[in-house]
Amino acid sequence: MHTPRLCIDGRAAAEFESQGLVAQELIDQLVAAQGHPQAGSEWVEKRRAVLLSHPSQVFSGQLKRFDTKRQIGGSFFYSAWEKHFVESSSITAFHRFRPADRMEPFLDCPTITTVLPAYRSLGAALPPIPQNHRFVVPSKHDASLLQEHYKIAEEQIHVILPSVRRYVHHTNETEGSYEGQILFLTDGGRELDLRKLQHVVSGQFPQLPLRTFQFGDAREFSAKQWKKTLQYTSLCFYLTERAFDWPFLALEALYFSVPVIFMDRHSALSELLPLSPLRLSQYLTDFTSSSQLRETVDNARLHLSDQGVLREHYQALKYTQLYAEIPGAPTFAEL
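Residues numbered from 1 in each chain as written. Predicted model: local features only at pLDDT ≥ 70, side-chain atom pairs only at ≥ 80, totals over all residues. Heavy atoms only, no water.

### Some thoughts on the pairing of strand β2 (residues 49-53)
Working step 1: Along β2, 5 of the 5 residues are buried, which leaves the element largely enclosed by surrounding structure.
Working step 2: Residues A49, L51 and S53 point to one face of β2 and V50 and L52 to the other, with burial holding for every one of them.
Working step 3: The pairing of strand β1 (residues 6-9) with β2 spans 4 bridges and is classified as parallel. Across the sheet, residue I8 finds its bridge partner in β2, namely L51. (Buried < 20%, exposed > 50% of the residue type's maximum accessible area, 1.4 Å probe, protein only. Helix = DSSP H or I, 4+ residues; strand = E, 2+ residues; numbered from the N terminus. Pairing = 2+ DSSP bridges.)

### Topic: helix α8 (residues 248-255)
Working step 1: Among the 8 residues that make up α8, 8 are buried, leaving the element largely enclosed by the rest of the structure.
Working step 2: Buried within α8 are the following residues: F248, L249, A250, L251, E252, A253, L254 and Y255.
Working step 3: Of the residues trailing α8, S257 is marked for its positive phi of about 65°.

### Section: unusual backbone geometry
Working step 1: The omega torsion of the bond from E104 to P105 falls at 5°, within 30 degrees of zero and hence cis.
Working step 2: By secondary structure assignment, the location of P105 is in the loop between β4 (93-99) and β5 (111-116).
Working step 3: For R47, which is not a glycine, the phi torsion comes out positive at approximately 55°.
Working step 4: Relative to the elements of secondary structure, R47 occurs in the loop between α3 (42-45) and β2.
Working step 5: Of the residues examined, R47 reaches a relative accessible area of 65% and is grouped as exposed.
Working step 6: If you check the backbone angles, K151 has positive phi at about 60° while not being a glycine.

### As for the sheet that holds strand β10 (residues 233-239)
Working step 1: In space, the 4 strands of this open sheet follow the order β9-β8-β10-β11, with parallel pairing throughout. A single partner strand is all that each edge strand has here, and the edge strands are β9 (210-214) and β11 (260-262). Across the sheet, the axes of successive neighbouring strands diverge by a mean angle of 20°, strand direction being ignored.
Working step 2: One ladder, built from 6 bridges, connects strand β8 (residues 181-186) with β10; its direction is parallel. Residue pairing for β10: F184 is matched across the bridge by F237.
Working step 3: With respect to the sheet, helix α6 (residues 194-204) is in contact with β8, β9 and β10, its orientation differing from that of β8 by roughly 160°. (Axes fitted to C-alpha atoms, helices over the stretch in contact; angles between N-to-C directions. Contact = heavy atoms within 4.5 Å.)

### So, the nonpolar core
Working step 1: Ranked by size, the top nonpolar core spans 92 residues in total, and within it L185, W226, F237, Y238 and Y323 carry the most contacts.
Working step 2: Excluding anything up to four places from it in sequence, F237 contacts I182, L183, F184, L185, L197, V201, I261, L280 and Y283.
Working step 3: Counting residues in hydrophobic clusters, the runner-up holds 15 residues, among them I129, L145, L146 and F244. (Core = buried A, V, L, I, M, F, W, Y, C linked by side-chain atoms within 4.5 Å.)

### Examining the pattern of salt bridges
Working step 1: Under the definition given, this model contains 9 salt bridges.
Working step 2: Where D67 meets R65, a salt bridge forms, and the shortest distance between an N and an O atom there is 3.1 Å.
Working step 3: Overall, D67 belongs to the partly exposed group, its relative accessible area being 44%.
Working step 4: Looking at R65, the relative accessible area reads 30%, which means it is partly exposed.
Working step 5: It is possible to trace a salt-bridge network through shared partners that takes in D9, R11, E82, R96 and R98. (Salt bridge = Lys/Arg side-chain N within 4 Å of Asp/Glu carboxyl O.)

Now the structure itself:
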């Protein structure tokens, strides 16, 4: 009988734009959390975790790696490759990060799929899903969407709240100057007339320059670059309502006291900050001054802190709890 092994697929960090960074962050957190009560995973600490990655990727720690140049796909041939990899590598359980329209194949081993925004649309219904599969989403609304659209059983879906990346805890907190640029983050969707919004905001803050980032500009959101951008940002608009969006960029801006205006129907942010004055509809209805924005951000940070999503090892803690439910999971009692 072989030693149980958990494989974490980290390739998403290189392939799926800014949202793929949630894979990078979790892997780095799991390594950094070794020895921390509750957050440290026995899979990692007992060297029973392996990493599926591209050769050029860099991760924290010394996890055993399986390097491949094969990119994640949605074709029959890719599905056959993934199944063969798991079967031939003696993998006990598999954790992967996949867009909502690329969640197949469904493997025979216990599998955890962290659901990311779809490439295009949610697509067609899925074939029957094995009972040993679990799906992770960032909000209750996203969980309901999985149940209704894909007919996934409620007990197979777990909500893990989005959180800040751990780099924020290892850098000096510098409050926004409220005299810098106004930043617009957008997915290019048609739900919002960006030019019209920018015209309104430009009229409110005529002295401040406007800057726009697409979520696909992953290089702009590395920890070092994003922190630098936030230092010169006085106001940020987080403009997406796509399902399964992990808004860590918005949470990090709030962590550094940069006001973030978000769309009303953003599932995770609307659940984390219900009825917040930071909702776009309220911002447009009741213009908020810089001093009011400061007070609103302070209240939002306090509310987020109470929910735990500003903790240093929050993601590691939540996934460690999920990993412990995998059949054959190692325990500290085995030491």
